[in-house]
Amino acid sequence: MNWWSRLLGKRQMEDELRTELEFHLERQGWDNVRAGMSEEEARLAARVKFGGLEQVKEDCRDARGTGWVESTVRDIRFAIRTLRKSPLFTAIAILTLGLGIGANAAIFQLLDAVRLRSLPVANPQTLVAVQINGGNRGFGISRGNLALLTYPLWEQIRLHQRSLSDVFAWASADFGLSRGSQVRQVRGLWVSGKMFPTLGVIPAKGRLINAQDDHPNCGQGVVLSYGFWRSEFGGQDSAIGSKLLIEDHPLEVIGVTPPGFFGLEVGRNFDVAVQFCSEDDRLTRRDLFWLNVMGRLKPHGTLRQASAELDSLSPGVVDATMPEGYSSSALDTYRNFRLAVLPAGNGVSSLRETYDTSLGLLLGITGLVLLMACANLANLMLARASTRQREMALRLALGASRWRLIRQLLSESLLLAWGGAVLGMALAGVFSRSLVRLLHREGDLLDLQLSADWRVLAFTGVVAVLTCVVFGLAPAFRSSRMEPGVALKSGSRGMTAGPERFSFQRLLVISQIAVSLLLLVGALLFVRSFWNLMAVDPGFRKDGILIAFLDIGRLHLPQERFEPFKRDLLKQVRSVPQVESAATATHVPFDGSWTSGVSVEGSEGSSKFTWVSPAYFETMQIPLIVGRDFNDRDTAASPRVAIVSESFVRTFLGRTNPIGKVIRTAPEPNFPAAVYEIVGIAKDTKYADLREGTPPPESYAPESQYPAGGPWMAVFIRSSSPLAAVTEAVRERVAGVNSNIAMEFHVLQKQIEDGLLRERMMALLSAFFGALAALLAMIGLYGVISYVVAMRRNEIGIRRALGASPGNVVGMILRQTLVLLALGVAGGVTLSLATTRGASSLLFGLQANDPLTLAGASAFLIAVALIASFLPAHRASRVDPMEALRYD
Amino acid sequence: MDSQKSDIPQGTLDLLILKVAALGPIHGYAIAQRLQQISRDVLQVQQGSLYPALHRLENKKFLAAEWKLSETGREAKFYQLTAKGRRQLDSETKSWNRLTEAIGLVLELSQGDAS
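Remember, it's a predicted structure, so these values are computed and weren't measured experimentally.

A. Seen up close, the packing of aromatic side chains. Residues and elements named next belong to chain A. Taken as a whole and judged by the stated rule, the model has 30 aromatic pairs over all chains. Relative to Phe276, the ring of Tyr151 has its centre 5.3 Å away and its plane inclined at 70 degrees; by these criteria the two rings are edge-to-face. Of this pair, Tyr151 sits in helix α7 (residues 151–160) while Phe276 sits in the loop between β9 (272–275) and β10 (288–289), and the two are 125 residues apart along the sequence. By the burial criterion, Tyr151 is buried, and Phe276 matches it.

Take a look at the structure:
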């Protein structure tokens, strides 16, 4: 029999062992009888000669080599039995641990997906990005905050750089995919030929775009992402070779990328990838920053060498791509651009920039919560260990080794840790999915690869084991260190309990109170900060505003028909019954920005520029302070006029009357220098974001005078009807004009709220964790006070017998709580003052050391703490003195 | 009489068991009796400690066990030396002989010195 079958055939082994030893005793007995003893004597003598039967059995089991497994199994069985006997304790322990571990694993999963994990490509560590050092400083037009270079700059880099072995360019874009008469948006990727080969992406089907394709001809082939291939083509091989109509180009599907490849932008998956297309005027534009350029370091090259080479190439590259139509000061900015090389192995992500600090902070918060959960468990275990002191003493006295006792307590806590870890892993999935849902914005799919990979498992495992060691070993050592005699004698017989007996527990509770105060202060800071942001008045109407983006590009109208067509369309929208007011504008609040250099009355500067139709101010309910609104007499042919913001007046005109003053704008491509006469002043509105202190100077001009009009328009619609109904009515009306007009609708309020996602997430999560921490601290405090009360039962009984009133008893116990609370709150306030400054960049409208917040959190904590300790104190005061004295 | 009995030296019980089992299949009680008889009652074997040793040797595959009818008509567990056990017995016997020889030499030598 081998080791394993011996373990399994345990019962048979036991039978055999018994029979073997019985046989021995029987034979010895016979021999003794033969030597002349009576039967009774003979049996006794045989037993005496043999020695301790049970001990021999145990030694035989050990000799079989399965003893440790058997005793472990016994330990675990025993642990399960003990835990089942106190279901409340077990439930609280596993739940707190599960919540702590689950929250940690979830935040870690998110942090890992957004920040830590390398791109799913070959050798991500040698992947680098080429960028303009310090960004383009607002020069030209930027498509999103991740677009860093123009196409002409990319061509120059490709031609001249030598320090990188392969370079490629890519850009994210939304493409219109036509299916019959329907057009829908898909997430697209522009790529240069070397992208897939350089990244080492192996096609799942067909082939990928490669270096031979590297001539920007349009309409060649399209590569699908694995997910898109599955959803759109059902994962059929026949997809290869079929045609897709993308942006009116019929493209042949040539291949599919592998399942794990999501592109280079973390948090944004792609559906289709195509080559740069030469018909696109963006390939020649020198003022449009829309590309990312990446490459690989040469085998022995370093980041520093590559960066130095590109820096030295910069003047030549810049000279060869100098944009036209800009003022000389703007061109000076361009002339000073220097290229640099940065590591790119983790890909790029706007998520990362937005959520880096928040996620780090959240991980810190959840770490503290887990720590508190552990402290709580340590406390619970200590209290249990103390009440089981007599049991332990009895076991020691009966000959159990200290090691056995430690093992037994340890297996109890390991079992709890294991239960907590399993629950935590289950909760982690739920938590992280809800988190992603929380971060999801309208029309912007958040695609994070949130797999429970080995790192999350390892993280959770380590947390669980550490937890177990922390809270399991301390009580185990403590309870096994005592002298059995002393423990048996004192037991719960002591009249009063010495204070040093639970000093460790007190310390734990004090630190729990301190940490939970810190978490409450953090929660309050984030919640108030979010409220402050929600209460900010942006200067325009937020609710009841619908924005309709209308694209008439597929009507293929001649350029000169754009403006009349758009004017008619606006009229149509205005005629919808639910629409109370409608206007167009070239800028949607908090989305993008258009800045122009201006000269006013001799002072130079810059101003935001927005072109709006008449009735824009009425629609958005921005009050005009002086002057007139635009009207239909402001046409492309009439003199150029402008309405400026208060901030504009303050910046450029001071106290002089602005009406009739002249604004001269600096030239830019498509926007030649122009002269505007100021005809009105509008109240300030927030321009880029709600957090803006004073808005930048802003100028409005009539949309009829917009020099760069295209086949698209943004219509702002105000209505007091439900916006979903308005959307349907407008959609119907516009489709009635022409069914080929592409439409997209956004609710302004929702968009603004989406802009506060991070703040909302921080407020929600920190409030949740703050409450959890407070709850944990309460449980801890309740446990300790109950324990103290139990230990002092006799003393309380004597006091009551000697005439103390229930009130006296409650007071006596609450005084103890107050000492703990005072120390904990003092520690918590100190801790908060020292650490919350790290969160100040995430706060709005209040300081990190806001006294009101500190006081509020402390007051709340003190109130609940007093309730938590009043319950056991009250129970203690009800103790019948006689019963307490007789007890034990 | 008690003073003439000796506890067996540490670690030699295994060697003695192997030697006794080498004579043919034998059960635990008989091994205990045999050890006592052969050593003319000088060696004091704690009977209880015999069984863990038997199980250990079986575990190491030096002994093979089999349930057979004993001379009294009851089933008993009989132990028998395996090929592996025989090799072990040989090497243990040799090293025991070397050890006792060496110890004997040292004792004789020091006696010589003392005289």
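B. Structural detail: the sheet that holds strand β14 (residues 581–584) of chain A. Residue and element names in this part refer to chain A. Spatial strand order, β14-β22-β13-β23: four strands in an open sheet with antiparallel pairing. Because the sheet does not close on itself, it has two edges, and the strands there are β14 and β23 (742–747). Strand after strand, the sheet turns through a mean of 20 degrees between neighbouring axes, direction not considered. Relative to strand β22 (residues 712–718), helix α18 (residues 562–574) is tilted by about 20 degrees, and along the sheet it contacts β13 (545–551), β14 and β22. Contacts from helix α21 (residues 723–737) reach β13, β22 and β23 within the one sheet, and its direction differs from that of β23 by about 165 degrees.

C. Region of the structure containing the sheet that holds strand β5 (residues 75–81) of chain B. Strand order in this open sheet of three strands is β2-β5-β4 (chain B), and the pairing throughout is antiparallel. Among the strands making up the open sheet, the edge pair consists of β2 (26–27) and β4 (63–69) of chain B. Taken together, the two bridges between β2 of chain B and β5 of chain B define a ladder with antiparallel strand orientation. Its bridge partner lying in β5 of chain B, Ile26 of chain B is registered against Tyr79 of chain B. With respect to the sheet, helix α2 (residues 10–34) of chain A is in contact with β2, β4 and β5 of chain B, its orientation differing from that of β5 of chain B by roughly 100 degrees.

D. Molecular detail of the nonpolar core. Residue and element names in this part refer to chain A. Ranked by size, the top nonpolar core spans 72 residues in total, and within it Trp190, Val222, Leu224, Leu244, Val272, Trp290 and Ile663 carry the most contacts. The element best represented in this core is strand β3 (residues 164–179), accounting for seven residues. Ignoring anything within four residues of it in the chain, the contact list for Ile663 reads Val598, Ser599, Val600, Ala642, Val644, Phe648, Ala674, Val675, Tyr676, Ile678 and Ser699.

E. Inspection of empty space enclosed by the protein at higher detail. Residues and elements named next belong to chain A. For the coordinates displayed, the defined rule picks out seven cavities of 30 Å³ or more. Together, Phe540, His587, Pro589, Thr610, Tyr616, Ile622, Thr685, Lys686, Tyr687, Glu698 and Tyr700 line the largest cavity. Of the residues that constitute the lining of the largest cavity, the class distribution is six nonpolar, three polar and two charged.

F. Quick peek at the pattern of salt bridges. Residue and element names in this part refer to chain A. According to the stated counting rule, one finds 28 salt bridges over all chains in the structure shown. Ionic pairing is found between Asp31 and Arg34, a salt bridge with its closest N-O pair at 3.3 Å. Remark: Arg34 and Asp31 occur in helix α2; sequence separation between them is three residues, near one turn of the helix. On the basis of relative accessibility, which here comes to 67%, the residue Arg34 falls in the exposed class. One salt bridge in this structure joins Glu40 and Arg43, with 3.2 Å as the shortest N-O distance.

Parameters at a glance
Residues numbered from 1 in each chain as written. Chains lettered and ligands numbered in written order. Predicted model: local features only at pLDDT ≥ 70, side-chain atom pairs only at ≥ 80, totals over all residues. Heavy atoms only, no water. Phe/Tyr/Trp six-rings, centres within 6.5 Å; stacked < 30°, edge-to-face > 60°. Helix = DSSP H or I, 4+ residues; strand = E, 2+ residues; numbered from the N terminus. Buried < 20%, exposed > 50% of the residue type's maximum accessible area, 1.4 Å probe, protein only. Pairing = 2+ DSSP bridges. Axes fitted to C-alpha atoms, helices over the stretch in contact; angles between N-to-C directions. Contact = heavy atoms within 4.5 Å. Core = buried A, V, L, I, M, F, W, Y, C linked by side-chain atoms within 4.5 Å. 1 Å grid on protein atoms, 1.4 Å probe; cavity = no way out; pocket = protein on both sides within 12 Å on 5 of 7 lines; lining within 4 Å. Points joined across faces, edges and corners; volume = space filled by probe spheres on them. Nonpolar A, V, L, I, M, F, W, Y, C, P; charged D, E, K, R; others polar. Salt bridge = Lys/Arg side-chain N within 4 Å of Asp/Glu carboxyl O.

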